[in-house]
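Okay, here's what each chain looks like letter by letter:
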Amino acid sequence: MRFNEKELVSLSRQPSEKAAELGMRGPKKGDVVKKRLVKLVVNFLFYFRIDEEEPIGALLLEQCRVEREDSQTFSIAFLDEAERKYLFECDSEEQCGEWVDAIIKASYEFMRKNLIFYRTEIHRLTGKDPLEQYGISDETRFQDCFTIKMTLFKENQPKTSEHLV
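All of these numbers come straight from a predicted model, not from anything done at the bench.

Conventions we followed
- Residues numbered from 1 in each chain as written.
- Predicted model: local features only at pLDDT ≥ 70, side-chain atom pairs only at ≥ 80, totals over all residues.
- Heavy atoms only, no water.
- Buried < 20%, exposed > 50% of the residue type's maximum accessible area, 1.4 Å probe, protein only.
- Helix = DSSP H or I, 4+ residues; strand = E, 2+ residues; numbered from the N terminus.
- Pairing = 2+ DSSP bridges.
- Contact = heavy atoms within 4.5 Å.
- pLDDT = per-residue confidence, 0-100.
- Core = buried A, V, L, I, M, F, W, Y, C linked by side-chain atoms within 4.5 Å.

Moving on, we get to the pairing of strand 4 (residues 57-60). Side chains of strand 4 alternate between two faces, with G57 and L59 buried and A58 and L60 left unburied. In the sheet, strand 3 (residues 44-48) pairs with strand 4 via 4 bridges, with the strands oriented antiparallel. Opposite F46, over in strand 4, you have A58 as the bridge partner.

As structure tokens, then:
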């Protein structure tokens, strides 16, 4: 993926939704757990050496799976490289749950699904499209709903070699 390094560094300095010192292990064999400052900014998870201001890396939290490994540990794996996991160790079970929840809610897809759900519900209850005043047509709304329905359909299919998404 292409990115502008200066833009990412600038983004990493923005106020974060969540930040903490966590143990972090990279996805490579032989990687060890190291203390890192981890910051969640929009849909990026930045990680820093404890005593440095510039991030040493960033994870774009799209097309990924976040899972609890145990009570104080969670992992992030990307769908196109599921075998490569980033592991994060928290100080408590509560902190781990908060991180997992925040990361799941940070993705564009999560926000988009919620927007479509609430838009559809408001339309169903009021008979009016709440985004119509902003020039977003019914056609777009139904296309979005179709896209979400197809995504949900695919997610609920058995995971066999013929049905891999």
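More follows now that the structure is in view.
Structurally, Q95 can be placed in helix 2 (residues 93-106). Taking the C-alpha atoms as reference points, Q95 and S71, 24 residues apart in sequence, are found 9.7 Å from one another. With sequence-adjacent residues up to four places away left out, Q95 is seen in contact with A20, L22 and C90.

This part is about the confidence of the model for the protein. Taken residue by residue, the protein gives an average pLDDT of 85. The fraction at 70 or more is 82%. Low confidence marks residues 156-165, where pLDDT is under 50. Its contacts with residues over four positions away, or in another chain, come to 4 contacts.

This part is about the nonpolar core. In this structure, L45, L59, F74, I76, F88 and W99 are the most contacted members of the largest nonpolar core, which totals 21 residues. When residues of this core are assigned to their parent elements, the largest contribution, 5 residues, is made by helix 2. With residues up to four places along the chain from it excluded, the contact list for I76 reads L45, L59, L61, C64, R65, V66, R84, K85, Y86, F88 and I103. Membership of the second largest hydrophobic core comes to 5 residues, among which are L8, F44, F46 and F48.

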